[in-house]
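Remarks on the overall topology
Take a look at the letters that make up each chain.
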Amino acid sequence: MIGFDGSPAARRALREAAALFAPRRALVVVVWEAGYAFDLADLPTRLLESPPTTVDIRTAMQLDESMYDAAQQLAERGAATAAEGGLDAEGLAVADDITVADTLVRVARERNAQVLVVGAHGHSAWREVLLGSTSREIVHRAPCPALVVRAEEKPKAH
């Protein structure tokens, strides 16, 4: 199973997984935040501490559906890239549970994954303290071996 968000680190993780595990089956999973459209609709009210406004539920539902469609398309593009690398891959968009790590660990458990591959974004230490680290959580909680692939380092200017 490969966690994929389309970032350079995730693309590299996908390529490395293909090189290591082809021609095995693979599930490329994109985690998307269900209900985010409803949070966005409510944001001005919360920020400005103004009286509640009427949320256009139909618009929020359409936006949420569009976000799911975009996540599924990203998962399918990731699966196509994995297939180019020799994996028998399928893409899957999954609504998040609490965090991306929680969701990936849950899906890995449900699908009896043999390995869980993710890309490491290389956040600064300060940002990691504030936001946590998906890759760190996966290493500690995955029900199977976890492979964390660093993003390619940019060449240093001389």
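Residues numbered from 1 in each chain as written. Predicted model: local features only at pLDDT ≥ 70, side-chain atom pairs only at ≥ 80, totals over all residues. Heavy atoms only, no water.

**Some details on the nonpolar core**
What counts, and what does not: Among the buried residues, those of types Ala, Val, Leu, Ile, Met, Phe, Trp, Tyr and Cys that are joined through side-chain atoms within 4.5 Å form a nonpolar core. The cut-offs for exposure are 20% and 50% of the maximum accessible area for each residue type, with area from a 1.4 Å probe on protein chains only; residues under the lower value are buried, those over the upper are exposed, and the others partly exposed. Under the scheme used here, helices are H or I runs from DSSP no shorter than 4 residues and strands are E runs no shorter than 2 residues, and both carry numbers assigned from the N terminus. Contact definition: two residues touch when any of their heavy atoms are within 4.5 Å.
Judged by nonpolar contacts, the single largest core of 21 residues is most densely connected at I2, F4, L14, V28, V30, L87 and V117. Elements represented by at least two residues in this core include exactly helix 1 (8–21), strand 2 (25–32) and helix 3 (57–84). In this view, V28 contacts I2, F4, L14, A75, G78, A79, A82, A89, E90, G91 and L92; residues no more than four positions away in its chain are not counted. Judged by nonpolar contacts, the second largest core, of 16 residues, contains A101, V107, L116 and C144.

**Considering helix 3**
What counts here: One less than the number of residues in a helix, times 1.5 Å, gives the span that helix is expected to have.
Spanning 28 residues, helix 3 covers 40 Å between terminal C-alpha atoms, matching the ideal 40 Å at 1.5 Å per step. By the burial criterion, the buried members of helix 3 are A60, D64, A71, Q72, L74, A75, G78, A79 and A82. Looking one or two residues beyond helix 3, the residue adopting positive phi is G86, at roughly 105 degrees.

**Considering the side chain of T103**
Defined as follows: Here a polar contact means two N or O atoms within 3.5 Å. Within protein one must be a hydrogen donor candidate and the other an acceptor candidate, and residues neighboring in sequence count only if both atoms are side-chain atoms.
The residue T103 is located in helix 4 (residues 100–110) in this model. Residue classification places T103 among the buried residues on the basis of a relative accessible area of 0%. From its side chain, T103 meets the backbone oxygen of T99 in a polar contact 3.0 Å long.

**Quick notes on helix 4**
Within the sequence span of helix 4, burial applies to A101, D102, T103, L104, V105, V107 and A108. Packing partners of the buried residues in helix 4 comprise strand 1 (2–3), strand 2, strand 3 (88–95), strand 4 (116–120) and helix 6 (134–141). Of the residues flanking the end of helix 4, it is N112, one or two places downstream, whose phi is positive at about 55 degrees.

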